[in-house]
Structures are given as structure tokens and as C-alpha cells.
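Residues per chain, in single letters:
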Amino acid sequence: MTDTLTLTRPDDWHLHLRDGDALRAVLPDTARQFARAIIMPNLRPPVTTTDLAAAYRQRILDARPPGSGFEPLMTLYLTDNTAADEIRRAQDSGFVHAVKLYPAGATTNSDAGVTDLARCHGALEAMQDVGMPLCVHGEETDPSIDVFDREKAFIDRVMIPLRRDFPALRVIFEHITTRDAAHYVRDAEGDVGATITAHHLLYNRNALFTGGIRPHWYCLPVLKREIHREALIAAATSGNPRYFLGTDSAPHARHTKEADCGCAGCYTALHAMELYATAFERADALDKLEGFASFFGADFYRLPRNTGTLTLRRETHAIPGSLPYAEGQQLVPLAAGESLAWRQVADTTSS
Ligand code: NCD
Ligand code: ZN
């Protein structure tokens, strides 16, 4: 049995860092494990322009722990009004690496999202021209569709037509949760990738209801049936470079999740690589973790692979029950109180 695991330093290709005190509370967790991360733009107000992304990027750099070389890779939030010029400005900036499509109303802070992709044709054409990738939250928002079927409906209603209209657009199907999405990404023509979270690899929807309702397992897209989790494991451990790591770590203060209408999002930045290692080990595929975590995302985004390393050691330890968050609030990490079999070893290289 392997007792230490050293990987090329990984990157997180889908991360929510928030802003202000919350940003300062959570950023050290990500910076400890990952060299870079794709930063989601769903702030209030959303990060819709290159200027806003530049200012947010600076706030992230300023919030880094001393000595950290963590690099935030910024994204723009696509709206019905995003102009083609804004896409060119983003591309020229060198620090905006993708544009994010949130269907309006699909998830946390998405009310400024796209109501109809037909309104975005100018921006999408510009993205296709300059090679700027589109990160997609792939869920239909039609309230008549069952919540558990929204990802599949999105493939048929939005993803396939979008990729027919813009065949050279580079698309990342984010936080895929179904066998349908995993197979779509595997079989699609063109430049398509997908991120997969640790929680969707480790849990099925029973986790939401184990002994009672469990708000800290609630995220969007919501956990699905076991057949879908198994398909995600098969995808992540297949060695297919279209699938790569994106935690979708999404912090919400404890009282906003343990509420009558609790927020969607799981906090996994604290122990992301330990969670992924657990999932890969259970599938007897630890040898496939490095490609998924450290190589394939960088390759897709056309960025250099990292040169530093991250080491995990086999060591059973408890996940804290809660962590300090903004303004004296608490943040509950996923699987709080349970134990982990792996632990990150303090690192010497951080590039
Ligand atoms: C995210 C958040 O809280 O910002 N929540 C989540 O459940 N994943 C939004 C998102 O990525 O859908
Ligand atoms: Zn997200």
C-alpha cells in the first residue's frame, strides 16, 4: 500500500473565493494545495468586465498568505449584454482565462446570468475567434424540469445547439454530475473539457438525507444517483484528458446553510486533495490522480504545467467541525467531524 503520494502541484479549475473578509478567510486553504485556480465571477455585483476582473484579481493577490505564489486565473461573467469588444479586452489582458455562462437563476448569485443565449452571439463569436474558453454551468432552469434531470435537459436543449452554432468554441462543461454529461464530453467532437468535484466523486444523493436533512451536502448541481457517481469515477480515473479537477469549493456561512432556505455550495478547499485521493484510492486508481489534478486542466487552458510538488501522507485525522469565516461567522467544511485517510505534508516548493 502506498503511504505517500507526491504529485506535480495541482490546480483547481473551478473555485469560489468570494470577497473581503470571506476571501481572506478561505484563500489560504486553496493556496496551500493549489498553484492556480480559475476564479468564479459570481460576486455581487458580478465580475462582468475586464476592469472589474483586474480589481478583483488585485484583491485576491493582496489576500494571499505571506510568501504564497498562488495565481488567480480570472473569468468574466457572461450577461445578455456582454459586448464582443469586452471579450477582446479580456483576451488582451492576459489574466482573464475564461468566460462563465450561468443560465439566469440556475444557482447562487446567478440572477444577472444569461436569459437567452441568442442574445450572446456577438460575444460567443468573439470568443470563438480569439480562442477564449467558455465555462458552462450546465443546468436547465425551467422550473417544470425535475431538479435531478436539469443537467441532462441542458445537454439537449442548450449544449448541443450551442456547439453546433459555434463548433470551434472551446467549452468546459463544469462540475458534471451525471453519466449523461460524462458520456457527452467523452464523445463530443471538438475542444470540450469537463471539471469534476471531489464531492460528486465521493457521494451520491443519499448523502443529503442520511439520518435527516444534511445541508452541508447540498450544492448545485445537486448530488445524483449512484449510477451517475460511478460514471464520474470511471471518467475521472480513465486518463482521458478531457476530465480534470475543479473543486467548486463554495463557502457559505454556517447559518445561511442551516436555514429554512439553505444556500447551495460545499466547502472543500480545506481538504480538497485529501478528498480526491480518497475517491481515487477507492477506485484503485491513485496512479491516475496526477493527470487529472495537475496536467489535463493546464493543457486544456493552454498554460504551462506546474513545476512544484504536493505530497500527501497516509494519516488518519478528523475534519474540523467548523472554521472561522467572515465577521465572526463559521464555515463548515464538507464531511465535518468525519475522518480522512490522507493528509497534506507541509511543502517546500510552491510554484
Ligand atoms: C456556487 C456558489 O455558492 O457560488 N454554489 C454551488 O452549489 N456550487 C455556485 C455554483 O457554482 O453553482
Ligand atoms: Zn461553482
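This structure is a prediction, so every number in the text was calculated from the model and none was measured. (Residues numbered from 1 in each chain as written. Chains lettered and ligands numbered in written order. Predicted model: local features only at pLDDT ≥ 70, side-chain atom pairs only at ≥ 80, totals over all residues. Heavy atoms only, no water.)

A. Up close: the packing of helix 10 (residues 272-282) against helix 11 (residues 289-300). Put simply, helix 10 and helix 11 touch, their axes get as near as 10 Å, and they point 140 degrees apart. The angle between helix 10 and helix 11 falls in the class oblique. Along the contact surface, helix 10 presents Met-273, Tyr-276, Ala-277 and Phe-280, while helix 11 presents Leu-289, Phe-292 and Ala-293. Across the contact of helix 10 with helix 11, the residue classes break down as 7 nonpolar, no polar and no charged. (Axes fitted to C-alpha atoms, helices over the stretch in contact; angles between N-to-C directions. Helix = DSSP H or I, 4+ residues; strand = E, 2+ residues; numbered from the N terminus. Parallel < 35°, antiparallel > 145°, perpendicular 65-115°, else oblique. Contact = heavy atoms within 4.5 Å. Nonpolar A, V, L, I, M, F, W, Y, C, P; charged D, E, K, R; others polar.)

B. Summary view of the pattern of salt bridges. Inspection of every chain in the model, using the stated rule, returns 20 salt bridges. Between Asp-156 and Lys-152 there is a salt bridge, with the nearest N and O atoms lying 3.8 Å from each other. You can see Asp-156 and its partner Lys-152 sitting in helix 5 (residues 150-165), 4 residues apart, about one turn around the helix. For Asp-156, a relative accessible area of 45% puts it in the partly exposed group. Overlapping salt bridges, with partners in common, bring together Asp-3, Glu-281 and Arg-314 in one network. (Salt bridge = Lys/Arg side-chain N within 4 Å of Asp/Glu carboxyl O. Buried < 20%, exposed > 50% of the residue type's maximum accessible area, 1.4 Å probe, protein only.)

C. Up close: the coordination of the zinc ion (ligand 2). Only His-14 (NE2), His-16 (NE2) and Asp-248 (OD) from the protein reach the zinc ion (ligand 2) as donors, at distances of 2.0 Å. Around the zinc ion (ligand 2), the 4 donor atoms sit at angles spanning 91 to 145 degrees, and that spread fits a shape best called irregular. Here His-14 falls in the buried class, since its relative accessible area comes to 0%. (Donors = N, O, S within 2.8 Å, 3.2 Å for Na, K, Ca; no water. Tetrahedral: all angles 85-135°; square planar, octahedral: opposite > 155°, others 65-115°.)

D. Summary view of the sheet that holds strand 1 (residues 4-8). Spatially, the 3 strands line up as an open sheet ordered 1-10-13, and their pairing is antiparallel. Because the sheet does not close on itself, it has two edges, and the strands there are strand 1 and strand 13 (339-345). Between one strand and the next, the sheet's axes are offset by a mean angle of 35 degrees, whatever the strand orientation. As paired strands, strand 10 (residues 309-318) and strand 13 are joined by 6 bridges and run antiparallel to one another. When the bridges of strand 13 are listed, Leu-312 appears paired with Gln-344. On the sheet, helix 10 packs against strand 1, strand 10 and strand 13 and is oriented at approximately 120 degrees with respect to strand 13. (Pairing = 2+ DSSP bridges.)

E. Region of interest: the sheet that holds strand 5 (residues 96-101). Pairing within the open sheet is parallel, and its 8 strands lie in the order 2-3-4-5-6-7-8-9. With partners counted over all chains shown, the strands left at the sheet margins are strand 2 (12-15) and strand 9 (243-245), one partner each. Within the sheet, the average angular offset between the axes of one strand and its neighbour, ignoring direction, is 30 degrees. Contacts between helix 2 (residues 50-62) and the sheet are confined to strand 3 (36-39), strand 4 (71-77) and strand 5, with strand 4 contributing the most and set at about 150 degrees to the helix.

F. Spotlight on unusual backbone geometry. Note the cis peptide between Arg-44 and Pro-45, where omega equals -10 degrees. Relative to the assigned elements, Pro-45 resides in the loop between strand 3 and helix 2. Of note, the bond from Leu-220 into Pro-221 is cis; its omega dihedral lies within 30 degrees of zero at -10 degrees. Take Pro-221: it is sitting in the loop between helix 7 (198-202) and helix 8 (226-236). The phi torsion at Arg-18 lies on the positive side, around 60 degrees, for a residue other than glycine. Relative to the helices and strands, Arg-18 resides in the loop between strand 2 and helix 1 (20-33). Arg-18 sits in the buried class, given a relative accessible area of 13%.

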